[in-house]
Amino acid sequence: MNIKEKIYDVAVIGAGCCGASIVRKLSAYDLSVVLLEKCVDIGFGVSKANSGIIHAGFHHPVTSLKARLEIRGNLMFDQLHYELNFPFKRIGIIVAAFSIEEMKTVEHLYAQGIANGVPRLEVCSRERILSLEPQLNPDVVGGLFAPTGGIVEPYRYVFALVESAEKNGVEVKKNFTVWRGVRKEDYWMIESKEGEFVKAKYVVNSAGLYADEVSKAFNAEEFKIIPRKGEEFLLQRNARGLPSHVIFPVPGKHTKGVLVIPTVEGTLMVGPTAEEIEDKEDLSTTYQNLEKVFVQATYMVPKISRREIITSFAGLRPTLPSNDFYIEPSKKQPNFIQVAGIQSPGLTASPAIGEYVKDILKNCGLKLIEKTDYDPYLPKPVKVRELSFEELERLIESDPRYGNIVCRCETVSEAEIIEAIRKGHTTLDGIKFYTRAGMGLCQGAFCSYRILKIIAREVGIPIEKITKRGGDSWIIYKRLQDIDLNQ
Amino acid sequence: MKEKIYDVAIIGAGAAGMASALEIASTGARVVVIDREPHLGGILLQCIHNGFGLHLFKEELTGPEYAERFISEIKRKDIDILLNSTATRMAVFQTIKQINVCSSEHGVFKVNAKAIVLAMGCRERNRGNLGIPGTRPAGIFTAGLAQRLLNIDGYLPGKRVVIVGSGDIGLIMARRLTWTGAEVLGVVEILPYPSGLTRNIVQCLYDYDIPLYLSHVITKIEGRDRVEAVEVTPLENGIPNQSKSFRIECDTLLFSVGLVPENELTQSAGIKINPETGGPIVDARLMTSAEGVFACGNVLHVHDLVDWVSQEAQLCGKEVVAFLEGKTRDETQGRVSVGANLKYVIPNKYRLKTKNRFSMRALVVQDKATLMIKQGERVVKRLPLRHVKPAEMFHVEIKSEDLDEVYENGEPLPLQFSLE
Ligand SMILES: Cc1cc2nc3c(=O)[nH]c(=O)nc-3n(C[C@H](O)[C@H](O)[C@H](O)COP(=O)(O)OP(=O)(O)OC[C@H]3O[C@@H](n4cnc5c(N)ncnc54)[C@H](O)[C@@H]3O)c2cc1C
Ligand SMILES: Cc1cc2nc3c(=O)[nH]c(=O)nc-3n(C[C@H](O)[C@H](O)[C@H](O)COP(=O)(O)OP(=O)(O)OC[C@H]3O[C@@H](n4cnc5c(N)ncnc54)[C@H](O)[C@@H]3O)c2cc1C
């Protein structure tokens, strides 16, 4: 069969944590599946810019779809972590209350959590909460402790899901911006802006912020995704005040508030803000929000210091007016599944979303036959930084490139960079998210030219063609030898 | 497990590492110099402009020429050199200090030494540290990275450039970029005075009509994929006046906003850091809080001129030798205390019996200042200074004759420095 003629069973649009979970789930069955992504790399949407928290499931009433999927998703992380080896830790979540009124809300959260089936939830006295988390402001009056809350490196999580899916036969097309879907006899003809075509019997729309536009492009339901921006600030490793749990304030009406988050890699993050905006590409941060975030964060954990900021970023939560996830088959178009409005806790819920969408597809008539050769496991990626002296000694003997430390702040070797490139991450950001090179204190001042050279050599392109994250994000203008000074 | 044994291990082969190595090796001690770069010379090799060595050699050299004077000598001496080799960990035991070193060529191994000299230099502060608002497009570089790309690798990072901060590297880069045909649209400095050397302001900006915006800040970075513009806002009474903001369209931003001594390795060994300098706290021997571990050059405190780095490193080398010979073991030292208008004074201790040399920086810009040095109430030295500013380091020597042998609670009286 000609490639062009191939009709996939399922095409999933959008390689965020939702799309990635869906294709990985489907990869366990005898199906042909393709994942379509508009960016140069996977996980470059909302899924790379969030708080990385695996929520425990006490924030929302169980009547909402998002709460049900959140709780189920949380439970699935141990197994996933075991299979895929992405950075994940169940460090527990603490909600810190600073007044009697706030303690009332804590009791409500407790009751809600118990009703939702959150295990091992505790209401804590001042003494208990301070002994759990000595970094808290001693003015705390008590709070909630949810030991099942966790943290994850979100981009590594998405990479691992997609890698596992690919290992089990899923195809991934990057730089594929879906802009039209035409219904043919019994399949969808999907067109990309870049001029490619893909045919598929079923289509899943998990396009994050652009799920509304994709829906329209398929003549399905009309709705509007409203971006809700969140700014986050990242502090260095071993930062002052680094707590050992994720610290939440008592939530307000609409948001969970500003959090203090120890990351899996040992850095500290504070944020996010929550602000509805218009522009889906507006990832700017502001000074006012930095101020705001630090005032709120240092109220809970006084030792945190702004002097230790290494970088900041923003992410946009794709929200719908209902404030709930919208995951169901289109009522207007056949074999078109909507996965939209996946705001927080979308990351937590994503494994459950994968399962849920699989069931929807089944109900829509997709035949699911389990593969006999499905392999759910990925090896743990080698990280020089985590190895013992003896392990490293042996490794360098087998491949000397492990001895060449390219990123000094995060101790990443040349071999790890090459591995990232081999896995398809050929931009500076892609390599950064895959290996952490450039994520440390110096923010790439030391390693980026080294990485540029390695990309150029391994991919066989001139340095001027390498980008930070695709599109027009070039890094080097010209080689000196190509410049005409008389011009 | 592979191990190598030396008298002294030096981490970093820049100006500091090389000068201390030469000093120590001249006594016949077994010395190894470790550097993660493929060459000796450190940051000097990318500084192809003139202006090095005026004090030490009484002539104007480029960075590589200055480095070469030391490199050729090092090669003549019996000094082991490990290049492309990164020190990843350091541990201090009773008499032995141990460094883990990692390289492609030699694998991973331990270097054991009786003494260590920290000479790791510094790294540049960046946009993230400043928390500058806006987007995060490509085209944002530290000035030193741009310098490296241009001078060593031959790559021009962009064609329309704005420089943030008036540190020396940024100033030098303004001129360098202009030479290659790029347009430098301005240098934006938050302070009311430039933070680089006066000669660099004149020779790198004024001579090329590059505007210097003093008391201005970048209030926004624009651009989705690549930098498209910056918003520049004047400070009035220290507060940005947004009504007077203006935009500069550009595709590249260079940050020259200061250097930070590179002490992650130092901290991993539990050595105490001076929050004012970012370098280790050192006694009169330039010895850190770990017995037998010394520090000099930019890793100790950021220097303005390489000549001072070499000088400090030579002193440090002498101290290492004296330490190996056991000569300085039971010396009495007094505290150095930092008073009005001074940012820091290095070293953090002084001796009664020998000459002391101190390096320091002012916190303020001031004409006709006086450096006062006191022991208790007694003035030890009063040094008139024509002009001081934070960008320029200054030095003072105190002879042992000038010091009183007065003790308080068994310690010599603290030596108090202040600027009046
Ligand atoms: C600041 C912030 C903090 C958060 N913190 C948490 C948290 O701690 N815990 C938690 O559980 N959740 C959190 N969330 C929510 C979570 O990040 C999101 O719910 C989740 O990442 C959504 O994933 P997604 O796959 O739906 O979207 P995305 O990751 O955006 O994936 C959609 C993909 O579709 C692609 N795409 C779009 N249009 C097209 C097209 N036309 N053709 C092809 N591809 C297309 C995009 O490029 C993108 O890669 C947070 C969100 C934000 C913004
Ligand atoms: C861009 C720039 C321009 C300058 N311009 C002038 C000027 O015009 N005139 C002037 O007099 N001075 C100038 N200076 C100042 C002067 O050059 C420096 O102060 C001096 O060279 C610093 O020497 P150093 O040995 O302390 O540090 P460096 O030269 O930075 O050397 C440190 C070395 O340590 C190595 N290293 C660090 N960590 C490790 C590790 N873990 N393992 C192995 N190796 C490691 C590094 O690779 C590096 O080679 C300039 C400095 C810079 C940065």
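Rules of the game
Residues numbered from 1 in each chain as written. Chains lettered and ligands numbered in written order. Predicted model: local features only at pLDDT ≥ 70, side-chain atom pairs only at ≥ 80, totals over all residues. Heavy atoms only, no water. Helix = DSSP H or I, 4+ residues; strand = E, 2+ residues; numbered from the N terminus. Rg over C-alpha atoms; globule rule 2.2 N^0.38 Å. Buried < 20%, exposed > 50% of the residue type's maximum accessible area, 1.4 Å probe, protein only. Near = heavy atom within 4 Å. Polar contact = N/O pair within 3.5 Å; in protein donor to acceptor, adjacent residues only side chain to side chain. Nonpolar A, V, L, I, M, F, W, Y, C, P; charged D, E, K, R; others polar. Domains from an automatic or database assignment. Areas by Shrake-Rupley, 256 points an atom, 1.4 Å probe, with all protein chains shown as cover. Pairing = 2+ DSSP bridges. Axes fitted to C-alpha atoms, helices over the stretch in contact; angles between N-to-C directions. Left-handed = near helix turned anticlockwise from the far one by under 90°. Contact = heavy atoms within 4.5 Å. pLDDT = per-residue confidence, 0-100. Buried area = accessible area lost by both parts, 1.4 Å probe. Salt bridge = Lys/Arg side-chain N within 4 Å of Asp/Glu carboxyl O.

Visitor: Give me the overall build of chain B: which residues, what numbers.
Guide: The number of helices and strands found in chain B is eight helices and 31 strands. Here the C-alpha radius of gyration of chain B, 23 Å, is about what a compact globule of 420 residues would show, namely 22 Å. With respect to the three principal axes, the spread of C-alpha positions in chain B is 65 × 60 × 40 Å. A buried classification covers 60% of the 420 residues belonging to chain B.

Visitor: Which residues make up the site of ligand 2, and what values go with them?
Guide: All names here are of chain B. By nearness alone, 33 residues border ligand 2, and A16, D35, A87, Q147 and N298 come closest of all. Between ligand 2 and A119, the relevant distance is 3.5 Å, taken from an oxygen atom to a main-chain nitrogen or oxygen of the residue. Between a nitrogen atom of ligand 2 and a main-chain N or O atom of D304, the distance comes to 3.5 Å. Where the shell around ligand 2 is concerned, the elements lending two or more residues are α1 (15-25), β3 (50-52), β6 (85-92) and α8 (306-324). Of the residues contributing to the shell around ligand 2, the split by class is 16 nonpolar, eleven polar and six charged. Two domains share the shell around ligand 2, each providing at least three of its residues, namely domain 1 (1-124 + 259-330) and domain 2 (126-257).

Visitor: Explain the site of ligand 1 to me, using residue names and the numbers behind them.
Guide: All names here are of chain A. For ligand 1, the set of nearby residues contains 40 residues, the closest of which are E37, S47, I53, I342 and T348. In the environment of ligand 1, an oxygen atom lies 3.4 Å from a nitrogen or oxygen atom belonging to the backbone of G16. I53 has a polar backbone atom sitting 2.8 Å from a nitrogen atom of ligand 1. When the free accessible area of ligand 1 is taken as 1000 Å², the share hidden by the protein chains comes to 97%. For the shell around ligand 1, the secondary structure elements donating two or more residues are α1 (17-26), β13 (226-235), β18 (309-319) and α8 (346-363). The residue makeup of the shell around ligand 1, split by class, is 19 nonpolar, 17 polar and four charged. Each of domain 1 (1-89 + 150-224 + 321-380) and domain 2 (90-149 + 226-319) contributes no fewer than three residues to the shell around ligand 1.

Visitor: Kindly report on the sheet that holds strand β25 (residues 356-362) of chain B, identifying the contributing residues and their values.
Guide: Residues and elements named next belong to chain B. Across the sheet, three strands lie side by side as β23-β25-β28; this open sheet has antiparallel pairing. On the outer flanks of this sheet lie β23 (342-346) and β28 (394-398), each paired with one strand and no other. Across the sheet, the axes of successive neighbouring strands diverge by a mean angle of 25 degrees, strand direction being ignored.

Visitor: Explain the packing of helix α10 (residues 414-422) of chain A against helix α11 (residues 428-435) of chain A to me, and be specific about the residues and the numbers.
Guide: Residue and element names in this part refer to chain A. Relative to each other, α10 and α11 sit at 115 degrees, their axes nearing to 9 Å. In this structure, α10 crosses over α11, and the sense of that crossing is right-handed. Across from E416, I417, A420 and I421 in α10, the residues of α11 making contact are I431, Y434 and T435. Per-class residue counts for the contact of α10 with α11 are five nonpolar, one polar and one charged.

Visitor: Before we move on, can you summarise the confidence of the model for chain B with the specific residues and values?
Guide: Interpreting fine coordinate detail is not advised for predicted regions of low pLDDT. Here chain B shows a mean pLDDT of 95. Residues at 70 or above account for 100%. Taken over the whole predicted complex, pTM reads 0.94, whereas the ipTM for its chain interfaces reads 0.93.

Visitor: Which residues make up the side chain of T177(A), and what values do they have?
Guide: Residue and element names in this part refer to chain A. Tracing the chain through its elements places T177 in the loop between β9 (171-173) and β10 (178-183). Polar side-chain contacts of T177 include one of 2.7 Å to the side chain of E194. For T177, the contacting residues outside a window of four places in its chain are K38, E191, S192, K193 and E194.

Visitor: Provide a residue-level description of the interface of chain A and chain B, including the pertinent values.
Guide: Counting residues at the interface gives 54 residues for chain A and 51 residues for chain B. Carbon and sulfur atoms supply 58% of the area buried between chain A and chain B, which totals about 4100 Å² over both sides. A per-residue breakdown of the area chain A buries against chain B is headed by F389(A), Y449(A) and L480(A), which together make up 15% of the total. Across the contact surface, chain A and chain B share four salt bridges. Where D153(B) meets K453(A), a salt bridge forms, and the shortest distance between an N and an O atom there is 2.7 Å. Viewed at the interface, chain B and chain A are joined by 23 residue pairs in polar contact (both at pLDDT 80 or more). Mapped by element, the contributors of at least two residues to the side of chain A that touches chain B are α7 (287-300), β18, α9 (389-398), α12 (448-460) and β23 (478-479) of chain A. Looking at the side of chain A that touches chain B element by element, the count peaks at six residues for β18(A). Counted by class, the side of chain A that touches chain B contains 26 nonpolar, 14 polar and 14 charged residues. In this sheet, strand β11 (residues 155-156) of chain B lies alongside β23(A) in antiparallel orientation, the contact comprising two bridges. Residue pairing in the sheet places K478(A) in a bridge with L156(B) of β11(B).

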